[in-house]
Amino acid sequence: QVQLVESGGGLVQPGGSLRLSCAASGSIFRIYAMGWYRQAPGKQRELVAGITSDSSTNYADSVKGRFTISRDNAKNTVYLQMNSLKPEDTAVYYCNTVVKTSLMMTRTGYWGQGTQVTVSS
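Since the model is a prediction, treat every value here as computed from it, not as a measurement.

A. Spatial organisation of the sheet that holds strand S3 (residues 18-26). Overall, antiparallel pairing links the 4 strands, which are arranged S1-S3-S8-S7 in an open sheet. Every other strand in the sheet has two partners, leaving strand S1 (2-7) and strand S7 (67-72) as the edge strands with one partner each. Averaged over all adjacent pairs, the angle separating strand axes in this sheet is 15°, with direction ignored. By the bridge criterion, 6 bridges tie S3 to strand S8 (residues 77-82) in an arrangement that is antiparallel. By the bridge assignment for S8, Cys22 is matched with Val78.

Structure (structure tokens):
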């Protein structure tokens, strides 16, 4: 099995910054894509940012220019640097990774437990 542990959420004022981290551990043969999603109350979960194994990135239009996703393959960790935060960024943020647990296994997606980000004055 694969475990994802997220950290870095919290309460921040509008215009502030936070950095989220998500470390993967367990039976990992190879990690492929990694990403961050968020879910606000009463809304569907949405993709915030994604990064491939060769570090190609994509972002939701609402966060382009403010958020930056990166990864450290040696640490099996993905990061989300969030700047110029707005109240509408308030949500539970989840990391997702696509992993093979062995050469013969298929790729499987795993989710973290979620971390709350609240942007409020």
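B. Expanded view of the environment of Met105. You can see Met105 is positioned in the loop between strand S9 (91-100) and strand S10 (108-111). By relative accessible area, Met105 is classed as partly exposed at 44%. Linking Met105 and Phe29, residues 76 residues apart in sequence, is a C-alpha distance of 9.3 Å.

What counts and what doesn't
Residues numbered from 1 in each chain as written. Predicted model: local features only at pLDDT ≥ 70, side-chain atom pairs only at ≥ 80, totals over all residues. Heavy atoms only, no water. Pairing = 2+ DSSP bridges. Helix = DSSP H or I, 4+ residues; strand = E, 2+ residues; numbered from the N terminus. Axes fitted to C-alpha atoms, helices over the stretch in contact; angles between N-to-C directions. Buried < 20%, exposed > 50% of the residue type's maximum accessible area, 1.4 Å probe, protein only.

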